[in-house]
Each structure stands twice: as structure tokens, then as C-alpha cells.
Amino acid sequence: MATDSLSVHPRGFLTPEDARSFDGYSIANAIAVKTALAERGCACEPYEDVFTFNRWRAQGRIVRRGEHGIRLTVYITAMRAGEDADGVVDEPRAYRMPKTSHVFCRCQTDELAPRERYTARPSRLSERIGGAK
């Protein structure tokens, strides 16, 4: 997901609209989610009823305590500066690395009261780039 295209709540959180949208789709992850949901007997659909904890929170829902998510492997883009044999640092290059993520279906969530919305901590990324001090 590209963070530059997202609208962010003033306190550093995703807006409900952006929490339901995706920049990229993974067919492999959609199949893995659909299979896991079928084993549970759930009729939820990937990318419509299945989101991460923080995306559910942004939509005004909370994952119930004790619920187990579906583990997915996602690939994120990171930057790395290389160094040649002479010790000269090259320009930073982008590379992809795997990361584990957990998603939950709508059946595992409850509606939040309006006063409880947007109470999660801002992301560490916003802290690093000076968004939160």
C-alpha cells in the first residue's frame, strides 16, 4: 500500500474510506483467505469483509479479544544503500522483503462506540518522519 495516496486522520490514522481501499491485490492471499474462511464456515469475502486490526479500527470496529487472525505473507518495499569493495556507498536501492500480517473477518469484530474510535497509537512511521513528537 502506498502511504502517499492515503488520506490520514489528523492524529495519524487511516480514514474509514482508505481503510476499505487497496492499491494492490494479491490473488495468492485472496485464495489463502477464502480457504481459511471456508474451513471456519464463514461467508465473508477477501478485500470486502477481511482486514487487519488497524483497518478494522479505522472503520469503527474492533476485533474481539481471543480471536485468531489468518496469517498472510505480504511483501513490502524497503530502501537499502549498497557498498562496493572500495567502501564507496552507492545510491539507495529499493528491494522487496516478506512480512507476516494477520487479517480478521467481519464475524470476528464488534462495532465500536463513537467515543472509542481513533484511540490507537499513531504509526511509528509518522513518528520517524516528524509527524508525532
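Just so you know, the residues in each chain are numbered from 1, in the order the chain's sequence is written. Only residues with pLDDT of at least 70 are given local features in this predicted model, and only at 80 or more are side-chain atom pairs given and counted; all residues enter the totals for whole chains, interfaces and linings. In computing side-chain values, all of the structure's heavy atoms are included and hydrogens and water are not.

### A short note on the overall build of the chain
Here a helix means four or more residues in a row that DSSP labels H or I, a strand means two or more in a row labelled E, and each is numbered from the N terminus. In terms of helices and strands, the chain carries four helices and five strands. For the chain, the succession of helices and strands along the chain, N to C, is α-α-β-α-β-β-β-β-α. Buried means the residue's accessible area, taken with a 1.4 Å probe over protein chains only, is under 20% of the maximum for its type, while exposed means over 50%, and partly exposed covers the values in between. Each of the 133 residues in the chain was classed as buried or not, and the buried ones make up 29%. In the chain, the share of contacts with a sequence separation of at least 24, taken over all contacts with a separation of at least 6, comes to 64%. Whether two residues touch is decided by their heavy atoms; if any such pair falls within 4.5 Å, the residues are in contact.

### Considerations on the environment of Glu 91
Along the chain, Glu 91 turns up in strand β4 (residues 89–105). Accessibility expressed as a relative area gives 67% for Glu 91, which makes it exposed. C-alpha of Glu 91 to C-alpha of Ala 81: the two residues are ten residues apart in sequence and 5.7 Å apart in space. The contacts of Glu 91, once residues within four sequence positions are left out, are Arg 80, Ala 81 and Gly 82.

### Side note on unusual backbone geometry
In this structure, Tyr 47 is a non-glycine residue whose phi angle is positive, near 65°. Structurally, Tyr 47 is set in the loop between α2 (27–40) and β1 (50–51). Since its relative accessible area comes to 24%, Tyr 47 is described here as partly exposed.

### Regarding the packing of aromatic side chains
A pair of aromatic rings is counted whenever rings of Phe, Tyr or Trp (Trp by its six-membered ring) have centres within 6.5 Å, and the orientation is called stacked for planes under 30 degrees apart, edge-to-face for over 60 and tilted otherwise. Applying the stated criterion to the full structure yields one aromatic pair. With 4.9 Å between their ring centres and 85° between their planes, Phe 51 and Trp 56 make a pair best called edge-to-face. Summarising the burial analysis for this pair, Phe 51 and Trp 56 share the class buried.

### Concerning the sheet that holds strand β3 (residues 70–83)
Taken in spatial order, the three strands make up an open sheet running β1-β4-β3, and their pairing is antiparallel. The two strands at the open ends of the sheet, each matched to only one other strand, are β1 and β3. Bridge count for β1 against β4 is two bridges, and the pairing is antiparallel. Among the inter-strand pairings, Val 50 is bridged to a residue of β4, identified as Cys 105. Those strands touched by α2 are β1, β3 and β4, and its axis lies near 155° from that of β3. Note: two strands are recorded as paired if DSSP finds a minimum of 2 bridges between them. Comment: axis = line fitted to C-alpha atoms, over the contacting stretch for helices; angle = value between 0 and 180 degrees taken between N-to-C directions.

### Things to note about the nonpolar core
Among buried residues, those of type Ala, Val, Leu, Ile, Met, Phe, Trp, Tyr and Cys that are joined through side-chain atoms within 4.5 Å constitute a nonpolar core. With ten residues, the main nonpolar core is built from Val 33, Ala 36, Leu 37, Cys 42, Cys 44, Val 50, Ile 70, Leu 72, Val 103 and Cys 105. Considering every element that reaches this core, the biggest residue donor is α2, with three residues. Each residue touching Cys 44, except ones within four places of it in the same chain, is listed here: Lys 34, Leu 37, Asp 49, Val 50, Cys 105, Arg 106 and Cys 107.

Just distances and angles here, no functional claims.
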